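Results of the structural survey
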Amino acid sequence: MVIRHLLIFIVLLLAWPAWAQDSLRLILPDTRPVTGEMIPVTIRGEYTGAITLEDMRFPDSAAYDWIQLGPDDWHDERVDGKQRRVFQRHIAVFARKPGNLTIGPVTHVLTKAETNSRNRVEVTAPPASIPIQPYPAPGRPTVARSLKVTDELSGDPARIRDDQTILRRITLTAEGTMAHLLPARPELREPWLISFTSPERRETRLTEHGPVAFVQWEWHLRPITGEQGTLPPMRFSWFDTNKRELRGEITPPIPFGYGKLNQNIGGTAQPGGAQGWLLAALATGGALGLIAMLWGKGARPLSALAQHWHRLRPNPALPALRVAAGQPDLFALRRAAEDYARAEQAAGRAAPRAALARLDRALFGPAPTDFDSAAFLRELTGR
């Protein structure tokens, strides 16, 4: 019995140097990613001996999405003065929620050829963790190096004819993300319009610079009430990983002009011919006379007065912004500031984007920094 145990010990001792020199590890970047941001992960193995077969499976998880960025790389390399067979696999990981994200462990199963035998060796990389910051806006996180929005029309909607249908196609192209992480199809509904939607198209393509995601939506549009109308702009918010700030892409408004205005919504006939031109001239003259009278008395036209009053209205998001500025939670302050800036834009006023960019750098910059919330409030509101 003693001799048998001694033989086993000798065999293990002889095999130990080869096994002990095999290593596998996960390499994560030293960054502060937000939810949905691409995290490049490198799996690096350093092995000895002749490897005939290998198998590695990257673990799935409810905490992240992932995609392999390219084929595995095998090459010989001198490590610490010794020749090694080096393995590298590049993975992109996208965290689904904020908090501490743990990846791994990952096991590489190797079959090594030694003289006339084949030995199965398992090399395991221990888990690695990285803190994930919250996405700085509500809704589905859209995080990319760049985002491009194209809005195409098959015809001129301002000169649409009876029974004519206009095809509208919006395409989003984003670098550094996956297609299923791009925004959902926006709603396109107006009471004066019929719209038919085509199935959306989503695709992720791998390039030498990383994944590029596409999503495309199509609507077939036709006015139905005989009225003129305008499709409002669409806004797509996204987090720019280069500038480390929240940005937005906006499509232009689209005016529709119906070809024949023979009937209104209720179907009542409209004045035509000379009678119609006469009524239109009388109405125009009356309106111009009223505006001239108001202007002569020192009053502005009603539209100008309404616009001026709209710009003087207080910002409804200001109270929440003041409350958030008094709290230590900078992410809550970022959301309140975005609401304030959006309300300023709707009122025809411009919020200082430089202040928002400074807050984004404090939240998502490469290193934590102190932030003066009171000074930020004064700069943003001009008070």
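Every chain is numbered on its own, with residues counted from 1 as its sequence reads. Where totals are concerned, whole chains, interfaces and linings use all residues; where local detail is concerned, this predicted model gives features only for residues with pLDDT of at least 70, and gives and counts side-chain atom pairs only at 80 or more. Side-chain descriptors were evaluated using all non-hydrogen atoms of the structure, hydrogens and water having been removed beforehand.

1. A look at helix 5 (residues 330-346)
To keep it simple, the criterion reads: Numbered from the N terminus, helices here are DSSP runs of H or I no shorter than four residues, and strands are runs of E no shorter than two. Working rule for helices: expected span equals 1.5 Å times residues minus one. Burial here depends on accessible area, computed with a 1.4 Å probe over protein chains only, as a share of the maximum for the residue type. Under 20% is buried, over 50% is exposed, and the range in between is partly exposed. Whether two residues are in contact is decided by their heavy atoms: any pair within 4.5 Å suffices.
Over its 17 residues, helix 5 runs 24 Å from end to end, which matches the ideal 24 Å to within 8%, given 1.5 Å per residue. The complete set of buried residues in helix 5 reads L330, F331, L333, R334, A336, A337, E338, Y340, A341 and E344. If you follow the buried residues of helix 5, they end up packed against strand 18 (235-240), strand 19 (245-250), helix 4 (318-325), helix 6 (353-364) and helix 7 (373-381). Where helix 5 terminates, the next one or two residues include G348, which has phi positive at roughly 85°.

2. Considering the nonpolar core
Rules: We call a set of buried Ala, Val, Leu, Ile, Met, Phe, Trp, Tyr and Cys residues a nonpolar core when their side-chain atoms join them within 4.5 Å.
Core analysis: the largest hydrophobic core is formed by 28 residues, its most contacted members being F239, L321, L333, L359, F371, F376 and L380. Looking at this core, the elements with two or more residues in it are helix 4, helix 5, helix 6 and helix 7. Broken down by element, this core gets its largest block of residues, seven residues, from helix 5. Among residues more than four places away in sequence, those in contact with L359 are L330, L333, R334, F371 and F376.

3. Things to note about the confidence of the model for the protein chain
Defined as follows: The predictor's confidence in any single residue is recorded as pLDDT, a number from 0 to 100.
Looking at the protein chain, pLDDT values average 81 and 78% of them are 70 or higher. In this model, residues 11-19 is a region of pLDDT below 50 whose contacts with residues beyond four sequence positions or in other chains number four contacts. Counting contacts from residues 299-310, a segment whose pLDDT is below 50, to residues more than four positions away or on other chains yields eleven contacts.

4. What about the sheet that holds strand 3 (residues 50-56)?
Selection rule: In this scheme, strands are said to pair when DSSP sees at least two bridges between them. Axes here mean lines fitted to C-alpha atoms, for a helix over just the part in contact, with angles spanning 0 to 180 degrees between N-to-C directions.
Taken in spatial order, the three strands line up as 3-8-9 in an open sheet, and their pairing is antiparallel. With one partner strand each, in any of the chains shown, strand 3 and strand 9 (117-125) form the two edges of the open sheet. Taken over all neighbouring pairs, the strand axes of this sheet differ in orientation by 25° on average, direction set aside. Pairing between strand 3 and strand 8 (residues 106-114): six bridges, direction antiparallel. Paired with M56 across the two strands is H108, which belongs to strand 8.

5. Examining helix 7
Where we set the bar: Comment: arc refers to directions from the helix axis out to C-beta atoms.
Within the span of helix 7, buried status applies to S373, F376, L377, L380 and T381. For helix 7, the arc enclosing every buried residue in end-on projection is 110°, short of the 170-degree limit, so these residues lie on one face. Where helix 7 is buried, its residues touch helix 4, helix 5 and helix 6. Looking one or two places after helix 7, you find G382, whose phi comes out positive at around 70°.

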